[in-house]
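Given next are the chains, with one letter for each unit.
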Amino acid sequence: DQYDQAVLFYDRALAIQEKSQRGHRCSMAITLDSLARVYNAQGRYEKAEQFYLRMLAFKQEEYGDHHPLTIFSIKSLAYFYQSHSRYDMAEPLYWRVVAIKEKTDPSDLAMNLTDLATLYKLQGNYEQGETILLRALAIRENEFGVGHSFTSVNLTNLAKLYVLQGRYAEAEQLFVQSLVVTENSSEPYLEDMLFCLDNLVTFYESQGRYGDAGPLYQRAITMTEKALGGEPPRLVIMLEGYAAILM
């Protein structure tokens, strides 16, 4: 088994690193992380958790609680717990990251709040998720201004939450707003525009509003042909999607 072979080599590397006074210590965190990922991929979740915890403890000792590498390990452990529906273990870790960012790097706070909101969404705690997403949006708008393209993703996240709550009119308004702020940016990127168009198309299709989805498909197809030319794979997907709603 390739995973078992990988574990053997990582264990050997880790043994060397542990004996080192300093020389290999910097790479030790990478090895611990790799072992955690391999065990997780094997389905050996208890072993994976042990190495995620060990990696976090190592980074706290080496770099301190507020170092970016330590924060990365806190989030990795939180993602691990979340992926296994251990939400009660993930929640305090996400809040821990938020608390650190509030003190050390407020510019990165909105993204970490979004991670926390995702956790609450998975739990079905939409009210708490909405509160946090509204806070993340307010931070972005305060930093860049209302209507700035950097707020587009925050608007989309909130819109998707409203869809889950059945608040379709509010969701539509935010999907449209996200598209508008993106296309009004100084140099809208194709990927960003297609992302917004796809979100709105998906919403309209879920509502059976194919007449509203059609023009958006046409717009996405035209943009893709103009920007990429030829016959890119994504164009095939768009053409098939548009054809489906015409039937």
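Nothing here was measured: the structure is a model prediction, and the numbers come from that model. (Residues numbered from 1 in each chain as written. Predicted model: local features only at pLDDT ≥ 70, side-chain atom pairs only at ≥ 80, totals over all residues. Heavy atoms only, no water.)

Below, the discussion takes up the environment of Gly 147. Its location among the elements puts Gly 147 in the loop between helix H7 (126–144) and helix H8 (152–164). For Gly 147, a relative accessible area of 35% corresponds to the partly exposed category. (Helix = DSSP H or I, 4+ residues; strand = E, 2+ residues; numbered from the N terminus. Buried < 20%, exposed > 50% of the residue type's maximum accessible area, 1.4 Å probe, protein only.)

This next bit is on helix H3 (residues 45–63). Between its first and last C-alpha, H3 extends 26 Å over 19 residues, near the 27 Å set by a 1.5 Å rise per residue. Taken residue by residue, H3 has Ala 48, Glu 49, Phe 51, Tyr 52, Met 55, Leu 56, Phe 58 and Lys 59 as its buried positions. A positive backbone phi angle near 100 degrees is found at Gly 64, which sits one or two residues after H3. (Expected span 1.5 Å × (residues − 1).)

The next subject is the nonpolar core. Grouped together as the largest cluster of nonpolar side chains are 67 residues, with contacts concentrated most on Leu 32, Phe 51, Leu 77, Leu 116 and Leu 200. With nine residues, helix H10 (residues 190–206) is the largest single contributor of residues to this core. (Core = buried A, V, L, I, M, F, W, Y, C linked by side-chain atoms within 4.5 Å.)

Close approach of charged atoms allows side chains with opposite charge to pair. Scanning the model with the defined rule gives 12 salt bridges in all. Here Arg 54 and Glu 18 are joined by a salt bridge, their closest N and O atoms 1.9 Å apart. With Arg 54 in helix H3 and Glu 18 in helix H1 (residues 2–19), this pair connects stretches of sequence that are 36 residues apart. Put simply, Arg 135 and Glu 102 hold a salt bridge, and the shortest N to O gap is 2.4 Å. Pair noted here: Arg 135 is in helix H7 and Glu 102 is in helix H5 (residues 87–104), with a separation of 33 residues, a long-range link. Glu 102 gets classed as partly exposed once you look at its relative accessible area, which sits at 38%. The network of salt bridges with common partners includes Lys 101, Asp 105 and Asp 108. (Salt bridge = Lys/Arg side-chain N within 4 Å of Asp/Glu carboxyl O.)

With that settled, the discussion passes to the packing of helix H9 (residues 168–183) against H10. In contact at an axis separation of 9 Å, H9 and H10 are set at 160 degrees when each is read in the N-to-C sense. In terms of orientation, H9 and H10 fall into the roughly antiparallel class. H10 is crossed by H9, and the crossing has left-handed handedness. For the pair H9 and H10, contact is made by Tyr 168, Ala 171, Glu 172, Phe 175, Val 176, Ser 178, Leu 179, Thr 182 and Glu 183 and by Asp 192, Met 193, Cys 196, Leu 197, Asn 199, Leu 200, Phe 203 and Tyr 204, respectively. Grouping the amino acids of the contact of H9 with H10 by side-chain chemistry returns 11 nonpolar, three polar and three charged. (Axes fitted to C-alpha atoms, helices over the stretch in contact; angles between N-to-C directions. Parallel < 35°, antiparallel > 145°, perpendicular 65-115°, else oblique. Left-handed = near helix turned anticlockwise from the far one by under 90°. Contact = heavy atoms within 4.5 Å. Nonpolar A, V, L, I, M, F, W, Y, C, P; charged D, E, K, R; others polar.)

Moving on, we get to H5. Taking 1.5 Å as the rise per residue, H5 with 18 residues should run 26 Å; its terminal C-alpha atoms sit 26 Å apart, in good agreement. Buried within H5 are the following residues: Tyr 87, Ala 90, Leu 93, Tyr 94, Val 97, Val 98, Ile 100 and Lys 101. Looking straight down H5, one finds that the buried residues subtend no more than 165 degrees of arc, so they occupy a single side. Exposed residues pointing more than 90 degrees away from the buried face of H5 are listed as Asp 88 and Lys 103. Lining the buried residues of H5 we find helix H4 (68–83) and helix H6 (109–123). (Arc of directions from axis to C-beta.)

Note that every value here comes from positions in space, so none of it alone points to a role or purpose.
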